[in-house]
Amino acid sequence: MTEQISVNRELFDQVMVPNYSPSAVIPVRGKGSRVWDQDNIEYIDFAGGIAVNCLGHCHPALVNALTTQGQKLWHLSNVMTNEPALRLAKKLVDATFAEKVYFANSGAESNEAALKLARRWALEVHGSDKTQIIAFKQGFHGRTFFTVSVGGQAAYSDGFGPKPGDIVHAEYNNLDSVKALISDKTCAIVMEPLQGEGGIIAPTQEFADGVRELCNQHNALLIFDEVQTGVGRLGELYAYMGLNVTPDILTTAKALGGGFPIGAMLTTTAIASHLKIGTHGSTYGGNPLACAVAEAAFDTVNNNTTLAGVKAKEQLFKDGLNKINAKYNVFKEIRGQGLLIGAVLVDEYQGKAKEFLNAAMAEGLMSLVAGASIIRFAPSLVIPDEDIAEGLNRFEKAIVKIVNA
Ligand SMILES: *Cc1c(COP(=O)(O)O)cnc(C)c1O
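Bear in mind that the values here come from a model prediction, so they are computed numbers and not experimental data.

Across its full length, the protein chain carries 15 helices and 15 strands. The C-alpha radius of gyration of the protein chain comes to 21 Å, within 12% of the 22 Å expected for a compact globule of 405 residues. Reported as C-alpha extents along the three principal axes, the dimensions of the protein chain are approximately 60 × 55 × 45 Å. Accessible area of the protein chain: about 18200 Å², with a carbon and sulfur share of 54%. Side-chain charges in the protein chain split into 35 positive and 42 negative, and the spacing between the mean points of these groups amounts to 1 Å.

Here you go:
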């Protein structure tokens, strides 16, 4: 007989590695953009599982794909291919610049594949001196040792012994800082086409164009990490489309599976040819369950209705936040694109984003932070307009409490 375990936040401290500090609230079910906890208290979800739940919770198309595939076939390994993986790859190729797809299980793994591919490509095409990787300060690319070292916050990669080498960091939106580092020994530039974790920072058009141009001049690959910006988040299928700057390698994860773990690296045939048989791999990559769910998510997101809806909902968010701010003057800027929105706190509340998040939670609203002074929203791409309105109401109540405290 199964032992009945009483689940609460204290149990986390007893049995879990202490690398996270989760909220005391333990959600047990969700529907669309609403979530309920163990006490049946309702929350509106503006967090989206950190830009993952692009269709909210338990979207019928995803539940159907998961249960249908769940009755057919769960796992094979890459000794065999499978129908959902090939269908999803075909759709990704048809919809983007890419000609080839590699499947992984997370954003970090997708970036790990991209970085290894770039190094291998440079070695085979240009020789063993071309190993430098240029990334950006405040950039985030995952937590494997290679990807976290490429990320632009040394605090995350320090303290684990010797790091992977020949990685340098330029300043985002500062083309001169890239020019100062790049040379023919540069193998790749890795950037987010809008920095997410780093503070919801959009690139200027001039910067994005300039980085592409510098890569061309020095035969370096341009890798776009679209793990957070991809799959409709900014109102285009991928952010590179809105920027009109095409990378050589693109990574996608988070929203790709709509809540089921999957990631992918997309590239051209010529570059892909350098990951020959046996050079890289993953047991779960291309798992049929993951790919079946991702295919359903992709179909539901990649159409004019959903993508135009993202832009309309962006306006609702920004108008609502500006209206709140006109009353309480707590934000110095509301920024971001599509449904990746940052509200930057005024100096008086510097470093207090977490307090706003906690106050919002107490009012029944799930939100995110990006650094210590920015509140971040990354809701479902199909969040109903009335849920946006109600969520903003709750957010306003939280702000009133903080302002009056
Ligand atoms: C979240 C994120 C990652 C890491 O993805 P994981 O699935 O957590 O490994 C990488 N890059 C960007 C831009 C991200 O936002």
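This part takes up the pairing of strand β2 (residues 34–37). The alternating pattern of β2 places Arg34 and Trp36 and Val35 and Asp37 on opposite faces, both of which are buried. Strand direction decides the pairing type here: strand β1 (residues 27–31) and β2, joined by four bridges, are antiparallel. Its bridge partner being in β2, Gly30 is matched across the sheet by Val35. Relative to strand β3 (residues 42–45), β2 runs antiparallel, the two sharing three bridges. Note that in β3 the partner of Arg34 across the bridge is Ile44. Hairpin geometry of β2 and β3 is characterised by an intervening segment of four residues between the two adjacent antiparallel strands and by a positive phi of about 65° at Asn40.

So, about the pairing of strand β12 (residues 340–345). Along β12, six of the six residues are buried, which leaves the element largely enclosed by surrounding structure. By the alternation rule, side chains of β12 split into Leu340, Gly342 and Val344 and Ile341, Ala343 and Leu345, which are all buried. Sheet analysis places strand β11 (residues 331–337) next to β12, joined by six bridges and oriented antiparallel. Residue pairing in the sheet places Arg335 in a bridge with Gly342 of β12. Hairpin geometry of β11 and β12 is characterised by an intervening segment of two residues between the two adjacent antiparallel strands and by a positive phi of about 60° at Gly338. Judged from the four bridges that link them, β12 and strand β15 (residues 374–377) form a sheet pairing that is antiparallel. Looking at β15, one finds that Val344 is bridged to Ile374.

Quick look at the sheet that holds β3 now. The four strands are arranged β1-β2-β3-β13 in an open sheet whose pairing can be described as mixed. Looking along the sheet, the strands with just one partner apiece sit at the ends: β1 and β13 (365–366). Each of β2, β3 and β13 touches helix α15 (residues 385–404); the most contacted strand, β3, lies at about 110° to it.

Once that is clear, we can look at the packing of aromatic side chains. The final tally for this structure, using the stated rule, is twelve aromatic pairs. Taking the centre distance of 5.4 Å and the plane angle of 85° together, the rings of Phe46 and Phe377 count as edge-to-face. Of this pair, Phe46 sits in the loop between β3 and α2 (48–51) while Phe377 sits in strand β15; the two residues are 331 residues apart in sequence, bridging distant segments of the chain. For Phe377, a relative accessible area of 0% corresponds to the buried category. Here a set of aromatic residues connected by ring pairs shows up, and it is made of Phe46, Phe317, Phe331, Phe377 and Phe395. Here the guanidinium or amino end of Arg143 rests over the ring plane of Tyr156, the centre of that ring lying 4.1 Å away.

Moving on, we come to the layout of surface pockets. Size it by volume and the largest pocket reaches roughly 2000 Å³. Around the largest pocket, the lining is made up of 48 residues, and of these Tyr20, Ile50, Glu197, Leu368 and Arg376 lie nearest the centre. Among the elements of the structure, α2, α5 (107–126), α14 (353–362), β13 and β14 (368–369) are those that each provide at least two residues to the lining of the largest pocket. Looking at the lining of the largest pocket element by element, the count peaks at four residues for α14.

A few words on the pattern of salt bridges. Should their charged atoms come close, side chains of opposite charge can pair. Considering all chains together, one arrives at 22 salt bridges under this definition. The partner of Arg394 in a salt bridge is Glu390, with the nearest N and O atoms 2.9 Å apart. On the criterion of helical spacing, the pair formed by Arg394 and Glu390 is a turn pair, its members being four residues apart in helix α15. By relative accessible area, Arg394 is classed as buried at 10%. Salt bridges here are not isolated pairs; linked through shared partners, they connect Arg34, Glu42, Asp387, Glu390 and Arg394.

Partitioning the protein chain into structural domains gives domain 1 (9–58 + 304–403) and domain 2 (73–301). Residue-level contacts link 25 residues of domain 1 with 21 residues of domain 2. Summed over both partners, the interface of domain 1 with domain 2 buries about 2000 Å², with 60% contributed by carbon and sulfur atoms. For the pair domain 1 and domain 2, the interface holds two salt bridges. With its nearest N and O atoms 3.4 Å apart, the salt bridge here joins Glu236 to Lys311. Our enumeration of links across domain 1 and domain 2 arrives at nine residue pairs in polar contact (both at pLDDT 80 or more).

The rules behind each value
Residues numbered from 1 in each chain as written. Predicted model: local features only at pLDDT ≥ 70, side-chain atom pairs only at ≥ 80, totals over all residues. Heavy atoms only, no water. Helix = DSSP H or I, 4+ residues; strand = E, 2+ residues; numbered from the N terminus. Rg over C-alpha atoms; globule rule 2.2 N^0.38 Å. Areas by Shrake-Rupley, 256 points an atom, 1.4 Å probe, with all protein chains shown as cover. Lys, Arg positive; Asp, Glu negative; His and termini not counted. Charge placed at Lys NZ, Arg CZ, Asp CG, Glu CD. Buried < 20%, exposed > 50% of the residue type's maximum accessible area, 1.4 Å probe, protein only. Pairing = 2+ DSSP bridges. Contact = heavy atoms within 4.5 Å. Axes fitted to C-alpha atoms, helices over the stretch in contact; angles between N-to-C directions. Phe/Tyr/Trp six-rings, centres within 6.5 Å; stacked < 30°, edge-to-face > 60°. Lys NZ or Arg CZ within 6 Å of the ring centre and 35° of its normal. 1 Å grid on protein atoms, 1.4 Å probe; cavity = no way out; pocket = protein on both sides within 12 Å on 5 of 7 lines; lining within 4 Å. Points joined across faces, edges and corners; volume = space filled by probe spheres on them. Salt bridge = Lys/Arg side-chain N within 4 Å of Asp/Glu carboxyl O. Domains from an automatic or database assignment. Buried area = accessible area lost by both parts, 1.4 Å probe. Polar contact = N/O pair within 3.5 Å; in protein donor to acceptor, adjacent residues only side chain to side chain.

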